[in-house]
Amino acid sequence: MKNVYQKIGKLLGEWRRKNGFSLYKIAKEGPGNVRYDSLKRVEKGDVVSSETLLCYVDFCYEHGFRIFDEIYNNITLQQCIVVENEQTCETKKESVEEVPAPSEEEEKAFEEEELTPPLDEEYAYAEISFDQKEVMNEHDQIAFIKHKRCPVCGKALRERNGRNGSFIGCSQYPKCNYTANGDFSQYSITENNKKGVIPK
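Residues numbered from 1 in each chain as written. Predicted model: local features only at pLDDT ≥ 70, side-chain atom pairs only at ≥ 80, totals over all residues. Heavy atoms only, no water.

### With respect to helix α4 (residues 50-62)
The end-to-end C-alpha separation of α4 is 18 Å, in line with the 18 Å expected for 13 residues at 1.5 Å each. Looking only at α4, the buried set comprises Thr 52, Leu 53, Cys 55, Tyr 56, Val 57, Phe 59 and Cys 60. A positive backbone phi angle near 90 degrees is found at Gly 64, which sits one or two residues after α4. (Helix = DSSP H or I, 4+ residues; strand = E, 2+ residues; numbered from the N terminus. Expected span 1.5 Å × (residues − 1). Buried < 20%, exposed > 50% of the residue type's maximum accessible area, 1.4 Å probe, protein only.)

### Focus on the packing of aromatic side chains
Tallying each qualifying case throughout the model produces 6 aromatic pairs. Relative to Phe 59, the ring of Trp 15 lies with its centre 6.3 Å away and its plane at 70 degrees, an arrangement referred to as edge-to-face. In this pair, Trp 15 is assigned in helix α1 (residues 2-18) and Phe 59 in helix α4, connecting sequence segments 44 residues apart. This pair shows no difference in class: Trp 15 is buried, exactly as Phe 59 is. Their ring planes at 15 degrees and their centres at 5.5 Å tell us that Trp 15 and Phe 65 sit as a pair that is stacked. Pair noted here: Trp 15 is in helix α1 and Phe 65 is in the loop between α4 and α5 (67-72), with a separation of 50 residues, a long-range link. One exposure class covers both Trp 15 and Phe 65, and it is buried. (Phe/Tyr/Trp six-rings, centres within 6.5 Å; stacked < 30°, edge-to-face > 60°.)

### A look at the confidence of the model for the protein
Scored by pLDDT, the protein has a mean of 77; 74% of the residues are at 70 or more. Ranking the elements of the protein by mean pLDDT puts helix α6 (residues 104-115) last with 55 and strand β3 (residues 179-183) first with 95. Contacts for the low-pLDDT stretch residues 74-99, under 50 throughout, to residues beyond four places or in other chains number 38 contacts. (pLDDT = per-residue confidence, 0-100. Contact = heavy atoms within 4.5 Å.)

### Remarks on unusual backbone geometry
Here the bond from Tyr 173 into Pro 174 is cis, since omega is 10 degrees, no more than 30 degrees from zero. Checked against the element boundaries, Pro 174 lands in the loop between β2 (165-170) and β3. Non-glycine residue Lys 148 carries a positive phi angle of around 55 degrees. Of note, Lys 148 is situated in the loop between α8 (138-146) and β1 (157-162).

Quick look at the structure:
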């Protein structure tokens, strides 16, 4: 079964990169509320929830790639992609030239691209975690701090001065005691919060 997951992940990742889609776009436009880092695990061949896998597969089908035909019917990678003028395209059954595997440099570039999403998308996915009361990791917390919003209660964050210098704290203190180091121009997550915080 692990080999099947790896084959699915490899095909999905190659198709996505070839067509210029980001994992953020798939998470945003796919069904359900799936995080981009979970979709990355699909490409690595890790076992994931059915919701995560189906989100990726559904996005592919919407854009003309029939992944299960490729796997189970031995049909080569379809070149059926939704075109800009939204014309309907038919799946090509004939053999087509196989997509070359990306080089190590290309893979590294794709990894870096996925680790540094645009701010608006990063914040949008942090909001999903917040709304579902999932653990807010460092990236989620940073996205909220950039928007001056507390990742625990959702209220405004404020710059404060303490005995050890300036820090960022929740405006609802002492009801909410979330803090971050520094100020809004230069900040970092506190050691305790690096483990993640849970929205209330």
